Structures are given as C-alpha cells and as structure tokens.
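# Summary of the model geometry
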Amino acid sequence: MSPSSPKSSPTEETPQPDRWRTSTVPSIADRTRRGLESTNDPAVAARSGIGRATLYRLWPEPTDLVRATLTRHITLARPEPTGDLRADLLTELTATHAMLHEPATEQGMRVMIERAAVEPKFAEVKEALYRSGTRAARTTLTEAVARGDLPAELDVDLAIDQLHGPLFFRRLAANRTFDLDYVRAVLDDFLRIHSPKHPRQQGTS
C-alpha cells in the first residue's frame, strides 16, 4: 500500500462477530424478501456498521450471511449429551425456542423458508441447516433407542417432526410466541406416548 493510499478502518477489516451477525441479518433478511441479489447494499452496511466492501467480501450472497448466522446459533446451542433422555431433549428444544424468538435468527429462518420454494440456493442452504439443526436430537433419539428408553421401531424422522414441528408451526406459521412451559408440554406428551420410563413431568424442570 502506498503512503497516499487510504487505510481501512478497524471496523472494515475486523468486524466484531456478535455485533455484525446480530445487526446485519435483520436488514439483509428484509432486503432478501424484496429480491436483493447481493449483500453489497448501502442500507445493510449502514445498519451493521460494516463497510460495503468487507460485507460483500465475507458474504457475497444473501444466503451466505443468513447461513452463517443460523449456523453460528446452532453451533453455540449444541448441548453436551448427558444420557438423560428428557434432559437432553429439553436442552435441544430450549435452544430451538431461543432461536425462534431471537429476531435475527427468526427472520433468517422466515427468509430461508420463503425463498427456498423458488430459489435453489436457498433450498440447498435450508436443507443443510435442517440436517445440522436436528443432528443433536437425532443422536439423542437414536441412542435412547439403543438403550431401550425408546421403542426399537421408533421413526426418528417422525419423532423430530413431533418434537420440533409444534414449535416451528406456532412461531412461524401462527406467528405466536410461546414460553418454555409449552416446550415442556410438547416434550412430555411425546415421552408419555413413546417412553413408559418417562411419565409426564410436573413442575418447571
């Protein structure tokens, strides 16, 4: 770089991870709904505090930024298994509850679902996020079957639908919020049907 060349600001070169994900995704999600073709957009840069060149270099496509945000949430929320079926599933569903009520990730999911129906790039990312987001629950369910805590004939795909489906439907389809009591009720109904070893729980734990 020559002496006369302008220097990039610290924000331009080293954006703070928590800040740029939280501040940028709602803006990019809104513009994706309107058919935005790239993240090189002045309004997104202004809202996030990240320079347009850096924004575009890091996430050339809207799918890149939405995927990065949702993947980060999934990774941070991934629990360490304890071997306790109810406790592990509750931890995983609690993370889903948080993701559905956090504005950035909620908007990211709404955009992904909406655009996946008509845009192959979004469909590909949605499928990858689905696999990543349900991996922990699938492992928990599979290991519970192996231990005898759940029946050998359990359909794991259907079990995932029964556990996560009500949460996604209530938040994204019905546009209603819900608390952890609702999450526990969904989980305990599932266990009551599929696992005699786990009778319906009382209280808030």
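Now for a description of the structure that goes with this document. Model, not experiment: these values are computed from the prediction. Counting starts from 1 at the beginning of each chain's written sequence and moves along it residue by residue. For a predicted model such as this one, the threshold for reporting local features is a pLDDT of at least 70, and the threshold for listing and counting side-chain atom pairs is 80 or more; totals across whole chains, interfaces and linings nevertheless cover every residue. With hydrogens and water set aside, each side-chain value is computed from the structure's full complement of heavy atoms.

## Structural notes on helix α8 (residues 120-147)
Count 3.6 residues to each turn of an α-helix, and residues three or four apart come out pointing the same way. Here a strand is any run of E in DSSP of at least two residues, a helix any run of H or I of at least four, and the numbering for each starts at the N terminus. Every helix has an expected span of 1.5 Å times one less than the residues it contains. The end-to-end C-alpha separation of α8 is 40 Å, in line with the 40 Å expected for 28 residues at 1.5 Å each. In the structure, α8 departs most strongly from a straight axis at arginine 135, where the bend amounts to approximately 45 degrees. Those residues of α8 that fall on the buried side of the exposure criterion are Phe122, Val125, Ala128, Leu129, Ser132, Thr134, Ala137, Thr140, Leu141 and Ala144. Directly after α8, the chain includes glycine 148, whose backbone phi takes a positive value near 90 degrees. Bend is the name given here to the angle between axes fitted to two runs of seven residues, the run ending at a residue and the run starting at it. Note on exposure labels: buried denotes an accessible area under 20% of the residue type's maximum, exposed denotes more than 50%, and partly exposed covers the range between, all computed with a 1.4 Å probe on protein chains only.

## Remarks on the side chain of arginine 171
The residue arginine 171 is located in helix α9 (residues 156-173) in this model. Contacts are assigned to residue pairs that have any heavy atoms within 4.5 Å of one another. Excluding anything up to four places from it in sequence, arginine 171 contacts Leu100, His101, Glu106, Arg110, Arg176, Thr177 and Phe178.

## Observations regarding the nonpolar core
The nonpolar side chains of a soluble globular protein tend to be buried, and buried together. By nonpolar core we mean a set of buried residues, namely Ala, Val, Leu, Ile, Met, Phe, Trp, Tyr and Cys, connected to one another through side-chain atoms within 4.5 Å. Counting 24 residues, the largest nonpolar core has Leu89, Leu141, Leu150, Leu163, Leu167, Leu187 and Phe190 as its most contacted members. For this core, the secondary-structure elements that each account for two or more residues are α6 (85-101), α8, α9 and α10 (180-194). In this view, leucine 187 contacts Arg86, Leu89, Leu90, Leu93 and Leu163; residues no more than four positions away in its chain are not counted. The next biggest cluster of nonpolar side chains, apart from the first, holds six residues, and it includes Val111, Met112, Ala116 and Leu129.

## Here we look at the packing of aromatic side chains
A pair of aromatic rings is counted whenever rings of Phe, Tyr or Trp (Trp by its six-membered ring) have centres within 6.5 Å, and the orientation is called stacked for planes under 30 degrees apart, edge-to-face for over 60 and tilted otherwise. In this structure the tally under the stated criterion is one aromatic pair. Centroid distance phenylalanine 178 to tyrosine 182: 5.2 Å. Interplanar angle 55 degrees. Geometry classified as tilted. Note on phenylalanine 178: relative accessible area 8%, which makes it buried.

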